[in-house]
Amino acid sequence: MPSPDELRSAMPFAQATGVTIETASPEEVTGTLGWAPERCTAGGALHGGALMTLADSIGAACAFLNLPPDTATTTVESSSRFFRAVREGRVRAVARPLHAGRTTIVVQTDLYDDGGRHVAQTTQTQAVLRS
């Protein structure tokens, strides 16, 4: 199984945007993204696109770890709900598979602020691609 650093190395966009992967197993992947002014809206809140980048990256790593042998994956659907603004600190992502099937993998990623408050939730469907 790839290490968190190996998973992150396979995702250049995640690296470029500051996403980190802390733990990685088929059952759960965790990671973080820090608040920074360049990742914010005009009002100083972490941009929804930054939150979605974190959720998509951590969720994709979870989907990858649940793939059958000799397959690949790509996102075919993603839905996010936002509950509160983040104006400082780090956001922690926790991704867990809801379904790991023959043709699709569905992952739910929950985002939390430093106080443990629920910030957002993303559910994504990944296609299982066979060569």
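Please read these numbers as outputs of a predicted model, since none were measured by experiment.

1. Focus: the overall build of the protein chain
Scanning the protein chain from N- to C-terminus turns up 3 helices and 6 strands. Its C-alpha atoms give the protein chain a radius of gyration of 14 Å, within 12% of the compact-globule value 14 Å for 131 residues. With the C-alpha coordinates of the protein chain rotated into their principal frame, the extents come out at 45 × 25 × 25 Å. Looking at the protein chain as a whole, 43% of its 131 residues are labelled buried. Partitioning the contacts of the protein chain with sequence separation of at least 6, the portion at a separation of at least 24 is 60%. Approximately 6600 Å² of the protein chain is accessible, and the part contributed by carbon and sulfur atoms is 52%. Considering the protein chain, the positive charge centre built from 11 side chains and the negative charge centre built from 13 side chains are found 5 Å apart.

2. With respect to the sheet that holds strand β1 (residues 20-24)
Ordered in space as β1-β2-β4-β5-β6-β3, the 6 strands form an open sheet in which the pairing is antiparallel. A single partner strand is all that each edge strand has here, and the edge strands are β1 and β3 (71-82). Sheet twist, expressed as the mean angle between neighbouring strand axes with direction ignored, is 25°. Direction of pairing for strand β2 (residues 29-34) relative to strand β4 (residues 90-100): antiparallel, over a ladder of 6 bridges.

3. Re unusual backbone geometry
In this structure, aspartate 70 takes a positive phi of about 60° despite not being glycine. Tracing the sequence through the fold places aspartate 70 in the loop between α3 (48-65) and β3. Since its relative accessible area comes to 71%, aspartate 70 is described here as exposed.

4. As for the pairing of β4
Here β4 runs beside strand β5 (residues 104-112); their pairing, made up of 8 bridges, is antiparallel. Paired with arginine 92 across the bridge in β5 is tyrosine 112. What sits between the antiparallel neighbours β4 and β5 is a turn of 3 residues.

5. A few points about the pattern of salt bridges
Applying the stated criterion to the full structure yields 2 salt bridges. Between aspartate 113 and arginine 117 there is a salt bridge, and its shortest N-O distance comes to 2.8 Å. Judged by its relative accessible area of 10%, aspartate 113 falls in the buried class.

6. Remarks on the environment of aspartate 56
One can find aspartate 56 in helix α3. C-alpha separation for the pair aspartate 56 and serine 80, spaced 24 residues apart in sequence, amounts to 9.8 Å. Setting aside residues no more than four positions away along its own chain, aspartate 56 makes contact with Thr75 and Gln124.

How each quantity is defined
- Here the residue numbering is sequential within each chain, running from 1 through the sequence in written order.
- Per-residue local features of the predicted model are confined to residues with pLDDT of at least 70, and side-chain atom pairs are confined, for both listing and counting, to 80 or more; whole-chain, interface and lining totals are unaffected and use all residues.
- Excluding hydrogens and water, the side-chain values take into account all heavy atoms of the structure.
- For helices the rule is a DSSP run of H or I covering at least 4 residues; for strands it is a run of E covering at least 2, with both sets numbered from the N terminus onward.
- The globule rule used for comparison is 2.2 Å times the number of residues to the exponent 0.38, while the radius of gyration itself is calculated over C-alpha atoms.
- The classification of residues rests on relative accessible area computed with a 1.4 Å probe and restricted to protein chains. Under 20% of the type maximum is buried, over 50% is exposed, and intermediate values are partly exposed.
- When checking whether two residues touch, look at their non-hydrogen atoms; a contact exists if any pair is within 4.5 Å.
- Computed with a 1.4 Å probe, the accessible areas rest on the Shrake-Rupley method; for each residue, only the protein chains presented here act as cover.
- Here Asp and Glu are counted as negative and Lys and Arg as positive; His is not counted, and neither are the chain ends.
- Charge placement uses NZ in Lys and CZ in Arg. For Asp and Glu, CG and CD serve respectively.
- We call two strands paired when DSSP finds no fewer than two bridges between them.
- Each axis is a line fitted through C-alpha atoms, taken for helices only over the stretch in contact, and angles between the N-to-C directions span 0 to 180 degrees.
- Think of a salt bridge as a Lys or Arg side-chain nitrogen and an Asp or Glu carboxyl oxygen that are within 4 Å of each other.

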